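So you can see what is in the structure, the chains are spelled out below.
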Amino acid sequence: MSQSDLMIVLYAMIGGAIRVSTPFLFVALGECLTEKSGRINLGLEGTLILGAMVGYAVSYNSGSPWLGVLAAGGGGIVMGAAHGWICKLPKVNDIAVGLAFMSLGTGLAFFFGKPYIQPSAPRLQSLPLGGWSQNPQVQQALSVNPLFFVGILLAIALWWGLRNTRAGLTVRMVGDSAASARAMGVNINMVRLLATAAGGFLAGVGGAFLSLSYPGSWSEGLSSGQGLMAVALVIFARWNPLRCVLAALLFGAAGALGPSLQSIGISYGYHFFNAAPYILTLGIMVASARSKSAAKEAPRELSIVK
Amino acid sequence: MSQSPLPPRALALATRGITKIFGPMRALDDVSVEVPAGSFHALLGENGAGKSTLVKCIMGFYGADEGQVLLDGAPVRIDSPRQAQAQGIGMVYQHFTLVPCLTAAENLVMARAAAPAVINWRQETRGLEEFMDRMPFRVRLDKQVADLSAGEKQKLEILKLLYLDQRFLILDEPTSVMTPSEADEVLTLLRGMAERQEITVLMISHKFREVKAFCDGFTVLRRGRVTGGGDARTASVTEMSRMMIGETELRERAARESRGLPRPRLVLEQVCAEDETGRQVIENLSLTVGAGEVLGIAGVSGNGQAALVEVLAGQRPMSGGRLLADGAPFTPRRADLDRYKVFGLPEEPLRNATVPRMTVAENMAFRSFDKRPLAGRFGILSPARIRAQSRDLIRRYNVRTSSPDALIETLSGGNVQRAVLARELSGNVDVLIVANPCFGLDFASVAEIRAQIMDQRNRGAAVLLISEDLDEILELADRIAVMSEGRLTPAMAVETTSRAEIGRLMGGH
C-alpha cells in the first residue's frame, strides 16, 4: 500500500465516519434520552427503518426532502409514544415490547414501502465544505449533510438540558429513582412516555437520513441493525450525549472501513471489514459489562441494570 | 449558628381519636396525641405498635377511618403528602427520598414546588449557600447523593424539609443510620431550633437515651393504643419501657457459661471486598472467632457489614485476603460449609436465605435435601421425608405456619426467621454467622432467638454476631469489635469496654 493509497483510505474513512455516523448519532441520542428516563426502547431499529421509508415516500410525493425528514420524525413520535403507553400498563416489560416494535416498524415499512423501491425521490443536499481543497477526495469527504451538524447541536443541547433545565432534571430523577420522583408528585409514566416519543422522533429523523442522504435510496436492507447497535453505543457512551457523538463517529469510521479499503482495490476480506461495526459492538458489550464506571453511571431504574 | 434569622413560626399539631382499620386489625385505636408548638415530642413504641401508621395518617398517605388532625388548633383535611407539605408538615422517611444520581444542590432545587424551567446554577448555588449558612449543619452541595454517607443523606433530608420551609418535622427513627456523635449533633441543633420556636419536631424513636436527652414530651403506643405519655425529662426509663412492652419482665443479660481461652474456629485474614462500582467496601479486615464465644461486630449500617456477611455466605467475591476454618483454608461453598459445619442467619432472611416461592418444608431442607437420610440411594429425593423432617422442625422451633407445604413467603417475618434458624441450627454447629437476627421482630421472638444463639455458644460453637443494635451486642457478645467505613477495630472484651467507647469507635474516631 503506497502513501497516496493510505491517504485515500484515510479521507474515505473520515468522510465515511461523518456520513455513516449521522443515523447512529440520531438513534443514540434518542435512546440516550429514553434510557435516562429509565426505559429501554429496543424498537428504535424498527423506527429507524419506518422513518427511512416514510421520509422517502413523503419526499417523493411532496418533492421536499425536508418535509420527508419531519414526516419521518412524526412517524417516530407515534412509534415511541405507543411504546411508552404500552409500557405503563402493569407488568409490561419494556424490552419485550421493544422487540415487538422492532418487528412492527420493519413490517410496516416493508408493507407500505414496496411501491417506493423503484422511484427516485429528491434527496437532501449536502454542504460542500471541501471547496478550499483541490483534492477531489477531500472534497468528497467534506461534503457534509446538514443533519450531521443538527445532530451535534442536539447532542450539546441535550447535554446542557439534562443539567440545567427542570425538564432535564426531572427526566434524570425519573430514571434514577422512580420512588423519589413519585414522592415529589412527578407523573413518571408521562415523563417516560414523552422521553420515549422524543427518542422515537430522533430515530425517525435518523432513518430519513438513511434513505434521503446516505446510502440515499429506499430498500429493505437499508438499516442492517444500526438501530440495535445504537443501543450498545449508548452504553459505551455511558449515557452522556457528548460521548454519544464520539461513539457514533467511531462506529461510523468502523462502518466505512470496508468501502474505503475497497476504493483502493483491496477487496480481500471485504465482508470481514464490512462486519467491523458488529465486531466493535460485540467488543463494546463485553468491555462495558465489565466496566465498573459504566455501572456507576447507569440510570438505576433501567430494567437491564436492576 | 447562635443567631438564626428564621422567624419563630413553629406549628402545633394534635390528633383526636384517630382510628385506622386494616382488614381485621385495628392498627390505630382512638389515638390522641398533643404536640405543642416548639416542642420536641417523642413517639415511642415497639415495632408494629402503630407509630408509622399514625404518622402516615397525619401525612395523608392513609385516610384515617375516624378522628381528625388539628393544626394550630383548627381541624385540617390532609389527603396526600403534597397537601401536608403545603400545610408546612414535612417528614423524613426511613428510606431515603433523595435521587442518587443528582447532586445535593440539584436535589434541593428540584424539591421546590416550582423549580424554574431553566435553572441558573450560579444564582441557585448562591441562594443555597446562603441557606446553608443559616442552617445549623451543612452538607457539601456539589457532591452526588450516591457518594454521601448514610448520616449525611439523613442530614440532607432534614435540610430539604427546612429548605422547603416546613415547620412541623416528623422524623422516623432519624438516628438509626447515624453514629452516636452525629446523632447528638443533629438532635441538639434541632432541639435548639425548637426551643427558639422555629420548628416543632415529632420523632419516632425507640432509643430511650435520645428521648431522655433531647425530647420534652413523649407518647407511647402499644398495639395501636396510647398506653402512656408525659414529660420525657422527668419520666424514668423503666416507666417508659413498661408502657412500651406492658407488664412483661425486661430481659436480663442472657445466661452464659464461662470457659477458658477459646480455640480459634473461624479466622479472617486481611479480607478485602469491593462493591459493584469497584469501591472498596471492606479493607484488610482480620478477625478470629473462638469456639464457645460470641464475637459481636457493632457499627452503623452501611459501613461494610452487609458486604462482610455476603463474603462469608459466598454471595460476594473477596478481592483480597483469605478465610480459615479450623486452621484450614475455607471457601464459602456448599462443600466447605458442610465440612466445617458453618451455618448462618443473614439479615432479611426471606431475601437472602430462602426461596420465597418454595414451601416451608423445601426451604427447611436446603442444607440436607441431597444427603441421607433425606435423599435415597441414587440421590433420589424423598418429598415425604423432607416433609416429615420439616414437621419435626416446625414443632421444635415453634414456627407458625398453616402447613409444611405453605409457601415460605406467606409467613410473618418472625416465623421466616425461626424457619431459617431451625434449618441452620438443627445439626451440629461449629461456626454460626448471624446478622441483625432480631430486626423487626416482636419482643417474644427476640428473646427466643437470642436464647437460641446463646445456646449454640454454650454448646461450643463460634458465633460471629453482626448487628446494628448495640444493646443486642452488649447482651450477647463476649468480645466486641467495631466496624466503621469498611475497617474493623481490634476486638475488646465486653467487660473492659463501655457504650461511650464503642460509640466513639462507631464514628471512626
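Owing to the predicted nature of the structure, the values given are computational and were not obtained by experimental measurement.

Analysis parameters
Residues numbered from 1 in each chain as written. Chains lettered and ligands numbered in written order. Predicted model: local features only at pLDDT ≥ 70, side-chain atom pairs only at ≥ 80, totals over all residues. Heavy atoms only, no water. Contact = heavy atoms within 4.5 Å. Buried area = accessible area lost by both parts, 1.4 Å probe. Salt bridge = Lys/Arg side-chain N within 4 Å of Asp/Glu carboxyl O. Polar contact = N/O pair within 3.5 Å; in protein donor to acceptor, adjacent residues only side chain to side chain. Helix = DSSP H or I, 4+ residues; strand = E, 2+ residues; numbered from the N terminus. Buried < 20%, exposed > 50% of the residue type's maximum accessible area, 1.4 Å probe, protein only. Axes fitted to C-alpha atoms, helices over the stretch in contact; angles between N-to-C directions. Parallel < 35°, antiparallel > 145°, perpendicular 65-115°, else oblique. Left-handed = near helix turned anticlockwise from the far one by under 90°. Nonpolar A, V, L, I, M, F, W, Y, C, P; charged D, E, K, R; others polar. Domains from an automatic or database assignment. Pairing = 2+ DSSP bridges. Phe/Tyr/Trp six-rings, centres within 6.5 Å; stacked < 30°, edge-to-face > 60°.

**Side note on the interface of chain A and chain B**
Reasoning step 1: Listed per partner, the contact involves 18 residues of chain A and 24 residues of chain B.
Reasoning step 2: In this assembly, chain A packs against chain B so that about 1,900 Å² is buried in total across both faces, 60% of it on carbon and sulfur atoms.
Reasoning step 3: Taken together, the links from chain A to chain B amount to one salt bridge.
Reasoning step 4: Here arginine 172 of chain A and glutamate 106 of chain B are joined by a salt bridge, their closest N and O atoms 3.4 Å apart.
Reasoning step 5: Applying the counting criterion to the chain A and chain B interface returns 10 residue pairs in polar contact (both at pLDDT 80 or more).
Reasoning step 6: Among the elements of the structure, helix H6 (146–164), helix H7 (166–176) and helix H14 (292–297) of chain A are those that each provide at least two residues to the side of chain A that touches chain B.

**Quick notes on unusual backbone geometry**
Reasoning step 1: Here tyrosine 214 of chain A and proline 215 of chain A are connected by a cis peptide whose omega angle stands at 0°.
Reasoning step 2: By the secondary structure assignment, proline 215 of chain A is in the loop between helix H9 (188–212) and helix H10 (226–236).
Reasoning step 3: Of note, the phi angle at serine 224 of chain A is positive, near 45°, even though the residue is not glycine.
Reasoning step 4: Relative to the helices and strands, serine 224 of chain A resides in the loop between H9 and H10.
Reasoning step 5: Residue classification places serine 224 of chain A among the partly exposed residues on the basis of a relative accessible area of 40%.
Reasoning step 6: The residue asparagine 436 of chain B is not glycine, and still its phi comes out positive at about 40°.
Reasoning step 7: What makes asparagine 436 of chain B buried here is its relative accessible area of 10%.

**Observations regarding the packing of helix H5 (residues 150–163) of chain B against helix H6 (residues 180–195) of chain B**
Residue and element names in this part refer to chain B.
Reasoning step 1: Packing of H5 against H6 leaves a shortest axis separation of 11 Å and a crossing angle of 15°. Between H5 and H6, the angle is such that the two are roughly parallel. The way H5 lies across H6 gives a crossing that is left-handed. Contacts between H5 and H6 pair Gly151, Glu152, Lys155, Ile158 and Leu162 from the former with Glu182, Glu185, Val186, Leu190 and Met193 from the latter.
Reasoning step 2: Of the residues belonging to the contact of H5 with H6, the class tally is five nonpolar, one polar and four charged.

**Details of the domain arrangement of chain B**
All names here are of chain B.
Reasoning step 1: Each assigned domain of chain B is listed here: domain 1 (13–98 + 167–245), domain 2 (256–341 + 429–442 + 457–509) and domain 3 (354–427).
Reasoning step 2: Taking only C-alpha atoms, the centre of domain 2 and the centre of domain 3 are 27 Å apart.
Reasoning step 3: Tallying the contact residues gives nine residues for domain 2 and 12 residues for domain 3.
Reasoning step 4: When the buried area of domain 2 at its contact with domain 3 is split by residue, Arg334, Val429 and Leu441 rank highest and sum to 53% of it.

**Some words on the sheet that holds strand S6 (residues 89–92) of chain B**
Residue and element names in this part refer to chain B.
Reasoning step 1: One open sheet accounts for six strands, arranged S6-S7-S8-S3-S9-S10; its pairing is mixed. The open sheet terminates on both sides in strands that have one partner only, identified here as S6 and strand S10 (225–231). The average angle at which neighbouring strand axes cross in this sheet is 20°, direction not considered.
Reasoning step 2: Here six bridges tie strand S9 (residues 217–222) to S10, and the two strands are oriented antiparallel to one another. Bridge pairing in S10 places leucine 221 opposite valine 226.
Reasoning step 3: Here H6 sits on the sheet and contacts strand S3 (40–44), strand S7 (168–172) and strand S8 (200–205); the angle it forms with S3, its principal contact strand, is near 125°.

**Focus on the pattern of salt bridges**
Residue and element names in this part refer to chain B.
Reasoning step 1: If you walk through the whole model with that rule in mind, you get 40 salt bridges over all chains.
Reasoning step 2: Taking the shortest distance from any N to any O, the salt bridge between arginine 225 and aspartate 29 comes out at 2.9 Å. On the criterion of sequence distance, the pair formed by arginine 225 in strand S10 and aspartate 29 in strand S2 (residues 25–35) is long-range, its members being 196 residues apart.
Reasoning step 3: Judged by its relative accessible area of 15%, aspartate 29 is buried.
Reasoning step 4: The residue lysine 51 makes a salt bridge to glutamate 173 at a minimum N-O spacing of 4.0 Å. Of the two residues, lysine 51 sits in helix H1 (residues 51–59) while glutamate 173 sits in the loop between S7 and H6, which places them 122 residues apart along the sequence.

**Considering the packing of aromatic side chains**
All names here are of chain A.
Reasoning step 1: Evaluated as defined, the whole model comprises eight aromatic pairs over all chains.
Reasoning step 2: Taken together, a centroid distance of 6.0 Å and an interplanar angle of 75° make the contact between tyrosine 60 and tyrosine 116 edge-to-face. Of this pair, tyrosine 60 sits in helix H2 (residues 44–62) while tyrosine 116 sits in the loop between helix H4 (94–113) and strand S1 (127–128), and the two are 56 residues apart along the sequence.
Reasoning step 3: Judged by its relative accessible area of 38%, tyrosine 60 is partly exposed.
Reasoning step 4: Look at phenylalanine 272 and phenylalanine 273: their rings are 5.7 Å apart centre to centre, the planes differ by 70°, and that puts the pair in the edge-to-face class.

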